[in-house]
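Descriptive analysis of the structure
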Amino acid sequence: MKFGVIGAGQMGGGIAQVAAQSGFDVVVHDQKQEFLDRGRGVIEGSLGKLHEKGKLTDPPEAVLGRMQFTTSLQDFADCDLVVEAIVENEAIKKELFRQLGEIVKPEGILASNTSSIPITALATASGRPTQFIGMHFMNPVPLMQLVEVIRGYQTSDDTARFVNETAEKMGKTPLSCNDYPGFVSNRILMPMLNEAIQCVMEGVAEPEAIDGIMKMGMNHPMGPLTLADFIGLDTCLAIMEVLHQGLGDDKYRPSPLLRKMVQAGLLGRKSGEGFYKYN
Ligand code: CAA
Ligand code: NAD
């Protein structure tokens, strides 16, 4: 099986790593060599940790040996499955899928790791709507069990079966849902994170207190502001915009503080600062 991943950021890198750990031949694309180098460095770090803990079947070099890094989309022509994990922007994703629909062999399946953008709209842009699906991994991919599988309006049963089986081969548990804004995961998670940001804006409590209350009080592994920083505040804002527009209810209005922080370039962990500072 040849497994393609577009985007070598935190999600694309994690998906590519777990696919290679599972024995697939993997090709990873990003726009610039420096983004590929950064992604490869993160993958090496993660494989090193898993190896130290005895959680890898093969040595890290063998896993990396199954991975090819490229800036050319033509290298995806013979992929059986391509998972897209680029920026959460509908227009940019649609243009990429238009190109992939022309490049990838006719029997290849295309999938998006989008957090919230309509799968059916991306499927139409790809020109192969029956062979298109949402394959939504959770962050950090090497540690999280779930893959949310989202069927578009025209996704075929064969496509859904193939993607569920592939997720299982990757050691994950696929759970299915239909194509509505934010699917299940982010329809429920993101309004909670947005409300925590609103609490900061209104001065209800300091970030550390908000996170502590949710961690210790609700047994969440991370507080909501730590989690928002971890996901990326740009991605959180993009998801809230999709929920607000797609469901047409002001209860999904993005917090003005979230909007302002993204405008200021404070994107969380990936930019070095969000609700907290990072090295
Ligand atoms: N690869 C390998 N090892 C990793 C790793 C990675 N990518 N990330 C973390 N680790 C390691 C850590 O370094 C740590 O190792 P040591 O024990 O040697 O220090 C170990 O895993 C455990 O990490 P922590 O000590 O931080 O322990 P933890 O129990 O807090 O687990 C966690 C980490 C699993 C990330 C946990 O904090 C958690 O579940 N957080 C919430 C994550 C979550 O909600 N994810 C979903 C986000 S929403 C989403 O993904 C959808 C969307 O569309 C936005
Ligand atoms: P990121 O910013 O870490 O990485 C995105 C990568 O895509 C970058 O390396 C960027 O250079 C690359 N890229 C952007 N446009 C591109 C293009 N046209 N062609 C090729 N590469 C391009 O973002 P991320 O957090 O990995 O998120 C990626 C996707 O996964 C988004 O759709 C996001 O909503 C989704 N997602 C994110 C999380 C999360 O917790 N961050 C969880 C699940 C799903």
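Residues numbered from 1 in each chain as written. Chains lettered and ligands numbered in written order. Predicted model: local features only at pLDDT ≥ 70, side-chain atom pairs only at ≥ 80, totals over all residues. Heavy atoms only, no water.

Mapped onto the elements, Thr-155 comes out in the loop between β7 (146-151) and α6 (157-169). The class of Thr-155 is buried, set by a relative accessible area of 8%. For Thr-155, the side chain forms a polar contact with the main-chain nitrogen of Gly-152, separated by 2.7 Å. The contacts of Thr-155, once residues within four sequence positions are left out, are Pro-129, Thr-130, Phe-132, Ile-133 and Ala-160. (Helix = DSSP H or I, 4+ residues; strand = E, 2+ residues; numbered from the N terminus. Buried < 20%, exposed > 50% of the residue type's maximum accessible area, 1.4 Å probe, protein only. Polar contact = N/O pair within 3.5 Å; in protein donor to acceptor, adjacent residues only side chain to side chain. Contact = heavy atoms within 4.5 Å.)

Counting through the fold element by element, Ile-188 comes out in helix α7 (residues 185-201). On the basis of relative accessible area, Ile-188 is assigned to the exposed category, the value being 60%. Here the alpha-carbon distance between Ile-188 and Glu-241, two residues 53 residues apart in the chain, equals 14 Å.

With 36 residues, the main nonpolar core has Phe-3, Ile-15, Val-26, Met-67, Met-135 and Met-170 as its most contacted residues. The greatest single-element share of this core, amounting to six residues, is contributed by helix α1 (residues 10-21). With near-sequence residues (within four places) excluded, Met-170 lies in contact with Phe-3, Ile-15, Val-18, Ala-19, Ser-22, Phe-24, Met-135 and Phe-137. Among the nonpolar cores identified, the runner-up in size contains 22 residues, and Leu-225, Ile-239, Leu-243 and Met-261 belong to it. (Core = buried A, V, L, I, M, F, W, Y, C linked by side-chain atoms within 4.5 Å.)

Glancing now at the site of ligand 2. Near ligand 2 there are 25 residues, and of these Met-11, Asp-30, Glu-88, Lys-93 and Ser-115 occur at the shortest range. Within the side chain of Asn-113, an N or O atom sits 3.0 Å from an oxygen atom of ligand 2. Measuring from an oxygen atom of ligand 2, one finds a side-chain N or O atom of Asn-139 at 3.0 Å. Protein contact buries 88% of the 830 Å² of open area that ligand 2 shows by itself. Those elements that place two or more of their residues in the shell around ligand 2 are α1, α2 (33-52), α4 (90-103) and β6 (132-137). Across the shell around ligand 2, the residue classes break down as nine nonpolar, 11 polar and five charged. (Near = heavy atom within 4 Å. Areas by Shrake-Rupley, 256 points an atom, 1.4 Å probe, with all protein chains shown as cover. Nonpolar A, V, L, I, M, F, W, Y, C, P; charged D, E, K, R; others polar.)

With five of five residues buried, strand β1 (residues 2-6) is to be regarded as a mostly interior element. Of the two faces of β1, the one holding Lys-2, Gly-4 and Ile-6 and the one holding Phe-3 and Val-5 are both buried throughout. Both β1 and strand β2 (residues 25-29) contribute to a ladder of five bridges, which runs parallel. Along β2, the bridge assignment pairs Phe-3 with Val-26. Taken together, β1, α1 and β2 form a β-α-β motif whose crossover is right-handed. Pairing geometry for β1 and strand β4 (residues 81-84), over four bridges, is parallel. When the sheet's bridge partners are listed, Val-5 is paired in β4 with Val-83. (Pairing = 2+ DSSP bridges. Right-handed = clockwise from strand over helix to strand, strands pointing away.)

Running from amino to carboxyl end, α1 crosses α2 at an angle of 50 degrees, the nearest separation of the two axes being 10 Å. Compared by their axis directions, α1 and α2 come out oblique. Note that α1 runs across α2; the crossing there is right-handed. Contact residues: α1 offers Gly-13, Gln-17 and Gln-21, while α2 offers Ile-43, Ser-46, Leu-47 and Leu-50. Here the contact of α1 with α2 is built from residues that sort into three nonpolar, four polar and no charged. (Axes fitted to C-alpha atoms, helices over the stretch in contact; angles between N-to-C directions. Parallel < 35°, antiparallel > 145°, perpendicular 65-115°, else oblique. Left-handed = near helix turned anticlockwise from the far one by under 90°.)

Our focus in this paragraph is the site of ligand 1. In the vicinity of ligand 1 lie 18 residues, with Ser-46, Lys-53, Ser-115, His-136 and Asn-139 positioned nearest. Lys-53 has a polar side-chain atom sitting 2.8 Å from an oxygen atom of ligand 1. One nitrogen or oxygen atom from the side chain of His-136 is found 2.7 Å from an oxygen atom belonging to ligand 1. Here ligand 1 has 1,100 Å² of accessible area as a free molecule, and 62% of this is covered by the chains. Broken down by element, the residue count for the shell around ligand 1 peaks at three residues, all from α2.

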